[in-house]
Amino acid sequence: MLNCKQAVALMTQGMDRELGAGQRMSLRFHLMMCSGCRNFSKQMKFIREGFRKFPQQDN
Amino acid sequence: MQDSPSLNPDPRGERDLSADLAALRRDMLKFARLQLRDEAAAEDAVQEALTAALGSQQSFGNRAQLKTWVFGILKNKIVDIIRDRARSPVAAETVDEIPDDAYDDLFNENGFWRDDARPSSWGNPENSFSSQQFWQVFEICLTRLPKNTARVFMMREMLGFETEEICKELAISPTNCWVVLHRARMGLRLCLDERWFNSENRNAEL
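Residues numbered from 1 in each chain as written. Chains lettered and ligands numbered in written order. Predicted model: local features only at pLDDT ≥ 70, side-chain atom pairs only at ≥ 80, totals over all residues. Heavy atoms only, no water.

On to the overall build of chain A. From N to C terminus, chain A includes three helices and zero strands. Along its sequence from the N terminus, chain A presents helices and strands in the succession α-α-α. In terms of overall size, chain A is more extended than a compact globule, its C-alpha atoms giving a radius of gyration of 13 Å where 59 residues would be expected to give roughly 10 Å. Referenced to the eigenvectors of the C-alpha coordinate spread, the extents of chain A come out at roughly 45 × 25 × 15 Å. For chain A, with 59 residues in total, the buried portion stands at 49%. In chain A, the share of contacts with a sequence separation of at least 24, taken over all contacts with a separation of at least 6, comes to 56%. Entry remark: accessible area of chain A is about 3000 Å², with carbon and sulfur atoms responsible for 56%. Each charge class in chain A can be summarised by its mean position, and for the 10 positive and 4 negative side chains these summaries are 11 Å apart. (Helix = DSSP H or I, 4+ residues; strand = E, 2+ residues; numbered from the N terminus. Rg over C-alpha atoms; globule rule 2.2 N^0.38 Å. Buried < 20%, exposed > 50% of the residue type's maximum accessible area, 1.4 Å probe, protein only. Contact = heavy atoms within 4.5 Å. Areas by Shrake-Rupley, 256 points an atom, 1.4 Å probe, with all protein chains shown as cover. Lys, Arg positive; Asp, Glu negative; His and termini not counted. Charge placed at Lys NZ, Arg CZ, Asp CG, Glu CD.)

As structure tokens, then:
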């Protein structure tokens, strides 16, 4: 079973390459039980979205 | 820098475009500097992008469309510059910029989040996109990352390079590439968490 450190490593890797089916499965299982990692996952997506918006911000 | 393009008030459309582009120039420079970390190269990229924009016959309904389009041109210029740069011997340095164990203390000995490090919800973080102050923090956090790490991260996220291509450009192994990106993501997340989502700044503004 994954611990949080391993789950975090998989989540960041998942931003840069496709994870294997087994990795996705263990990650999903971990996320079901771990609110900290669920928050982390959302934050990674938010950061990606931020990069996409960055040049278009109006200030 | 060359003289600004003709400000001839006739025809009206052209004058409006010139004025808008001048307003964009500052933002473009900021963007290019962040990515290139080289003032002269940033100036060149922005100038070329503006020249290309002014040379085109495109017309735009609004300023936001124009901005998206001009930044698209600028991104391509920056990508060209990065590709043209000789393979610099930064590889090993890049990989080690953020130490191996930099984020170890977020986790306990079993690899689970420590109580004080467990990510808490950022609520509806998208609301921050409309805050000017948020973008300042975002930029500060990017700038605080080590130089080459930030460069790799921005190649990936702002310029849309595939990871394989970044490794190739920097002549580092895919594994090292992921390591650099991993540490960059950890660093940016922590910085945003500390300086915005769990800080007075944000509460003051939202």
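So that's the structure; there's more coming.
Counted by the stated rule, this structure contains 15 salt bridges over all chains. In this structure, the salt-bridge partner of B:Arg33 is B:Glu39, at a minimum N-O distance of 2.7 Å. Residue B:Asp100 pairs with B:Arg183 through a salt bridge whose shortest N-O separation is 2.9 Å. Of this pair, B:Asp100 sits in the loop between helix H4 (91-96) and helix H5 (132-144) while B:Arg183 sits in helix H8 (residues 174-197), placing them 83 residues apart in sequence. Classification of B:Asp100 by relative accessible area gives exposed; the value is 64%. For B:Arg183, a relative accessible area of 11% corresponds to the buried category. A network of salt bridges, in which partner residues are shared, links A:Asp16, A:Arg48, B:Arg156, B:Glu157 and B:Arg185. (Salt bridge = Lys/Arg side-chain N within 4 Å of Asp/Glu carboxyl O.)

What follows deals with H5(B). The terminal C-alpha atoms of H5(B), which comprises 13 residues, lie 19 Å apart, in line with the 18 Å expected from a rise of 1.5 Å per residue. Taken residue by residue, H5(B) has B:Phe134, B:Trp135, B:Val137, B:Phe138, B:Glu139, B:Cys141 and B:Leu142 as its buried positions. (Expected span 1.5 Å × (residues − 1).)

With that settled, consider the packing of aromatic side chains. Going through the model one piece at a time under the given rule, you end up with 20 aromatic pairs over all chains. Ring centres of A:Phe46 and B:Phe197 lie 5.6 Å apart, and the angle between their planes is 80°; this geometry places the pair in the edge-to-face category. Residue A:Phe46 is located in helix H3 (residues 35-53), and its partner B:Phe197 is located in helix H8; the two belong to separate chains. Here A:Phe46 and B:Phe197 have matching classes, each one buried. Above the face of the B:Trp178 ring, A:Arg17 is positioned so that its terminal group lies 4.1 Å from the ring centre. (Phe/Tyr/Trp six-rings, centres within 6.5 Å; stacked < 30°, edge-to-face > 60°. Lys NZ or Arg CZ within 6 Å of the ring centre and 35° of its normal.)

All names here are of chain B. Relative to the helices and strands, alanine 53 resides in helix H2 (residues 39-55). On the accessibility criterion, alanine 53 (1% relative accessible area) is buried. The spacing of alanine 53 and leucine 21 is 32 residues in sequence and 8.6 Å in space, taken between C-alpha atoms.

Such coordinate-based values are descriptive only and should not be taken to indicate function.
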